[in-house]
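# A structural walkthrough
Residues per chain, in single letters:
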Amino acid sequence: MKKKGFHADTAQYVFICAPEIRYFEWHAFTLSSSPEEGYFSVHIRQVGDWTTELARRCGEGRKDFQQAYDMPKILVDGPFGTPSEDIFKHEVGVAVGGGIGVTPFASVLKSIWYQSQQQDSTMKLKKVYFYWICPDTHSFEWFQSLLQHLEEQMLERGAEGFIEYKIYLTRGFNTTMARDIYMHEEADGDAITGLQQKTNYGRPNWDQIFPELAGRHPGCDIGVFFCGPPVLSAMLHRKCNEYTDMADSSGNSSGTKFYYNKENF
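Residues numbered from 1 in each chain as written. Predicted model: local features only at pLDDT ≥ 70, side-chain atom pairs only at ≥ 80, totals over all residues. Heavy atoms only, no water.

## Points about the overall build of the chain
When helices and strands are counted, the chain shows six helices and nine strands. Put simply, the chain has 265 residues, and 43% of those count as buried. (Helix = DSSP H or I, 4+ residues; strand = E, 2+ residues; numbered from the N terminus. Buried < 20%, exposed > 50% of the residue type's maximum accessible area, 1.4 Å probe, protein only.)

So this is what it looks like as structure tokens:
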């Protein structure tokens, strides 16, 4: 979508109304586009009557081309800010998305990459870690192409280490998938996503991840940004507090501080 005079910052959200469906019903959606792009976009999952009807009116399932004048009228209120915008205030950023909570990080990752490629960039952010916890393989479908594009761009520009990401599949894999994974274990790409980074099966071990981050970046202020279910949010908040300025086995503190930021879906 494009609209003259509309400007949004990274990972902000808007309220959307489709008057032809329900005039007084508004729904919040996070922008999946970045400020550097000439349009703004949202990704809408079909869950419930409103989203299903919106998809139908937008031509979902139609084989013929739907003209713009046949599209439903859309009202937009916003944009509004979120904590994810503050990732640019840190030298090291950790982004964690749970399921559909990955949406704001589409905007974040694209904006980070665009800004890092500017010759006169003054961006403070120097390293990004991205963790995506997916409940099933269907969650890969729309976000996979973005990660593939980032992989290609980083490889082309010799910046492979700038953004590190790990994907965790918590369920939804069966014996057939397990066999395919085993057969392609030595392949360069992942058997499920086709990405260079292999998919992990199960949940992240945060008690291993946080000390590793502190060891890699001693004395740094690390911003941790999360979007997803409240249960995982509470766990990450505890881990940030637990591993801030934590002493190692020799009694020496790394001086690393983790600053937690969240938004819940």
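## With respect to the sheet that holds strand β2 (residues 27-30)
A sheet is described by the order of its strands in space; here three strands give the open sequence β2-β1-β3, paired in antiparallel fashion. Taken across any chain shown, the strands that pair with only one partner, and hence form the sheet edges, are β2 and β3 (75-80). With direction set aside, neighbouring strand axes in the sheet form an average angle of 25°. (Pairing = 2+ DSSP bridges. Axes fitted to C-alpha atoms, helices over the stretch in contact; angles between N-to-C directions.)

## Overview of helix α1 (residues 49-57)
Among all positions in α1, only Trp50, Thr51, Leu54 and Ala55 are buried. Looking straight down α1, one finds its buried side chains confined to an arc of 130°; they lie on one side. Relative to its buried face, α1 has exposed residues pointing more than 90 degrees away, namely Asp49 and Arg56. Tucked inside the fold, the buried residues of α1 contact β1 (13-17) and β2. (Arc of directions from axis to C-beta. Contact = heavy atoms within 4.5 Å.)

## Focus on the nonpolar core
Leu109, Ile112, Phe130, Trp132, Phe143 and Leu147 are the most contacted members of the largest nonpolar core, which totals 28 residues. Within the residue set of this core, elements represented by two or more residues are α2 (103-116), β5 (127-134), α3 (140-156), β6 (163-169) and β8 (221-228). Sort the elements by how many residues they give to this core and α2 lands first, with six residues. Dropping the residues within four chain positions of it, phenylalanine 130 is found in contact with Ala95, Gly97, Val102, Phe105, Leu109, Phe143, Leu147, Glu164, Tyr165 and Lys166. Judged by nonpolar contacts, the second largest core, of 22 residues, contains Val92, Tyr129, Ala214 and Tyr260. (Core = buried A, V, L, I, M, F, W, Y, C linked by side-chain atoms within 4.5 Å.)

## Structural notes on the packing of aromatic side chains
Under the criterion given, the structure shown has 10 aromatic pairs. An angle of 70° between the planes, with centres 5.6 Å apart, marks the rings of tyrosine 131 and tryptophan 206 as edge-to-face. With tyrosine 131 in strand β5 and tryptophan 206 in helix α5 (residues 206-216), this residue pair connects regions lying 75 residues apart in the sequence. The burial state of tyrosine 131 is the same as that of tryptophan 206; both residues are buried. The interplanar angle of 70° and the centroid separation of 4.9 Å between the aromatic rings of phenylalanine 210 and phenylalanine 258 together place this pair among those described as edge-to-face. (Phe/Tyr/Trp six-rings, centres within 6.5 Å; stacked < 30°, edge-to-face > 60°.)

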